[in-house]
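What follows is the residue order along each chain.
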Amino acid sequence: MSTEALVVLAVTVAVAAFVQGSSGLGFALIVAPVAGILDPGLLPVFVLAAMIPLNLYVAWRERASIDLRGAGWITAARLAATPAGLALLWLIPDRSIGLFVGIATVLAAVVSLAAPAFTPGRAAYLGAGVVTGLTETATGVGGPPLALVYQHRPPAELRSTVAACFLVGEVASLGLLFATGEGEPGHLGLAAALLPVIAVGAWLSRLVHHRLDARRMRLCVLAFALVSGLVLMLGL
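What counts and what doesn't
Residues numbered from 1 in each chain as written. Predicted model: local features only at pLDDT ≥ 70, side-chain atom pairs only at ≥ 80, totals over all residues. Heavy atoms only, no water. Axes fitted to C-alpha atoms, helices over the stretch in contact; angles between N-to-C directions. Helix = DSSP H or I, 4+ residues; strand = E, 2+ residues; numbered from the N terminus. Parallel < 35°, antiparallel > 145°, perpendicular 65-115°, else oblique. Contact = heavy atoms within 4.5 Å. Nonpolar A, V, L, I, M, F, W, Y, C, P; charged D, E, K, R; others polar. Salt bridge = Lys/Arg side-chain N within 4 Å of Asp/Glu carboxyl O. Buried < 20%, exposed > 50% of the residue type's maximum accessible area, 1.4 Å probe, protein only. Patch = residues over 30% accessible without salt bridge, like charges linked within 9 Å, V, L, I, M, F, W, Y side chains within 5 Å. Areas by Shrake-Rupley, 256 points an atom, 1.4 Å probe, with all protein chains shown as cover. Expected span 1.5 Å × (residues − 1). Bend = angle between axes of the 7 residues up to and from the residue. Left-handed = near helix turned anticlockwise from the far one by under 90°. Arc of directions from axis to C-beta.

K.L.:
Can you tell me about the packing of helix α9 (residues 185-193) against helix α10 (residues 195-208), naming the residues and giving the values?
P.N.:
The description of two helices packed together rests on the angle between their axes and the distance between the axes. Orientation of α9 relative to α10, taken along the N-to-C sense of each, is 45°, at an axis distance of 5 Å. One finds that α9 runs oblique with respect to α10. Taken together, the residues of α10 that come into contact with α9 (itself represented by A191, A192 and A193) are L195, P196 and I198. Considered class by class, the residues forming the contact of α9 with α10 number six nonpolar, no polar and no charged.

K.L.:
Run through the pattern of salt bridges, naming residues and quoting values.
P.N.:
For the structure on display, the rule yields two salt bridges. Among the salt bridges present, the one from E62 reaches R61, with a minimum N-O distance of 3.0 Å. E62 sits in the buried class, given a relative accessible area of 8%. E62 is paired through a salt bridge with R159; the nearest N and O atoms lie 2.7 Å apart. Separated by 97 residues along the polypeptide, E62 in the loop between α3 (45-61) and α4 (68-91) and R159 in helix α8 (residues 155-179) bring together distant segments of the chain. Residue class for R159 comes out buried when judged on its relative accessible area of 5%. Members of the salt-bridge network, linked through shared partners, are R61, E62 and R159.

K.L.:
Go over a nonpolar patch on the surface, please, and point to the residues and values.
P.N.:
Taken together, L99, I103, L107, L230, M233 and L234 make up a surface patch of nonpolar side chains, about 530 Å² in accessible area. When residues of the nonpolar patch are traced back to their parent elements, those giving at least two are α5 (97-114) and α11 (214-234). Position of M233 among the secondary structure elements: in helix α11.

K.L.:
Break down α3 for me, with residues and values.
P.N.:
In a regular helix each residue adds 1.5 Å, so 17 residues correspond to 24 Å; α3 covers 25 Å between its end C-alpha atoms and thus fits that length. Of all bends in α3, the biggest is about 30°, found at I52, and the proline P53 comes one to four residues later. Of all 17 residues in α3, 12 are buried; the element is thus mostly enclosed. Of the residues making up α3, those classed as buried are V45, F46, V47, L48, A49, A50, M51, L54, N55, V58, A59 and R61. Where α3 is buried, its residues contact α1 (3-23), α2 (27-38), α6 (122-139), α8, α9 and α10.

K.L.:
Just give me the short version of the packing of α3 against α10, but keep the residues and values in it.
P.N.:
One way to put it is that α3 packs onto α10 with a least axis distance of 10 Å and a crossing angle of 25°. Overall, the two elements α3 and α10 adopt an arrangement that is roughly parallel. The hand of the α3/α10 crossing is right-handed. Touching A50, P53, L54, Y57 and R61 of α3 are L195, I198, A202, S205 and R206, all from α10. A class-by-class count of the residues in the contact of α3 with α10 yields seven nonpolar, one polar and two charged.

K.L.:
Describe α10, listing the residues and the values that go with them.
P.N.:
Under the 1.5 Å per step criterion, the end-to-end length of α10 is 21 Å for 14 residues, consistent within 8% with the ideal 20 Å. Of all the positions in α10, only I198, G201, A202 and S205 are classed as buried. Each buried residue of α10 lies within a common arc of 95° when the element is viewed along its axis, so the set occupies one face. Looking at the packing, one finds that the buried side of α10 touches α1, α3 and α9.

Nothing here speaks to function; it is geometry throughout.
Below you can see the structure in the form of structure tokens.
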């Protein structure tokens, strides 16, 4: 990767860490399309690895607000669907990963924008867990189903519960990817090298997360996801 591309990726990761630390949504939606444009081979390992320290921090910061019941159902379904997500990755040709990520990103953003208000129950938790297990293991993008479930809950509950669910799922997905030879150790090294910019974004989110207009931030993230996903789909 060139120096210019690395700088673009680092800035993108810092912005994404700030957005997700503030609103509970956005890291993979922002980073995955950009990474797919710069180097499709970074997906999904780099995105999964980069999210682990961020989600660990957010889950700990707002641990008192975690919805343990919902997180339990989501995590169980998410873990059960992880092998199917790996199978989906095997079915996607390397040259088509950018197109697939673009489609997944655009669909996730459209669904997130269009979904009506509702009160989540067990079926919603299980459904979100299954879809997240499929898409996050295959592409690194898994946030929108969880955001849909919690979009009408208090912001602290959304941020902390989504972070906790992600944390368990990301570790499971990475373990399975490396166990089956689909993981590239260099991508873990790249994620580790970008820890300082992740920390900067997370620290900045700490200053504003309690007073941020989460609705506007969410709309900005989804708009970015639509544009970047379309760029990937069109191969621009």
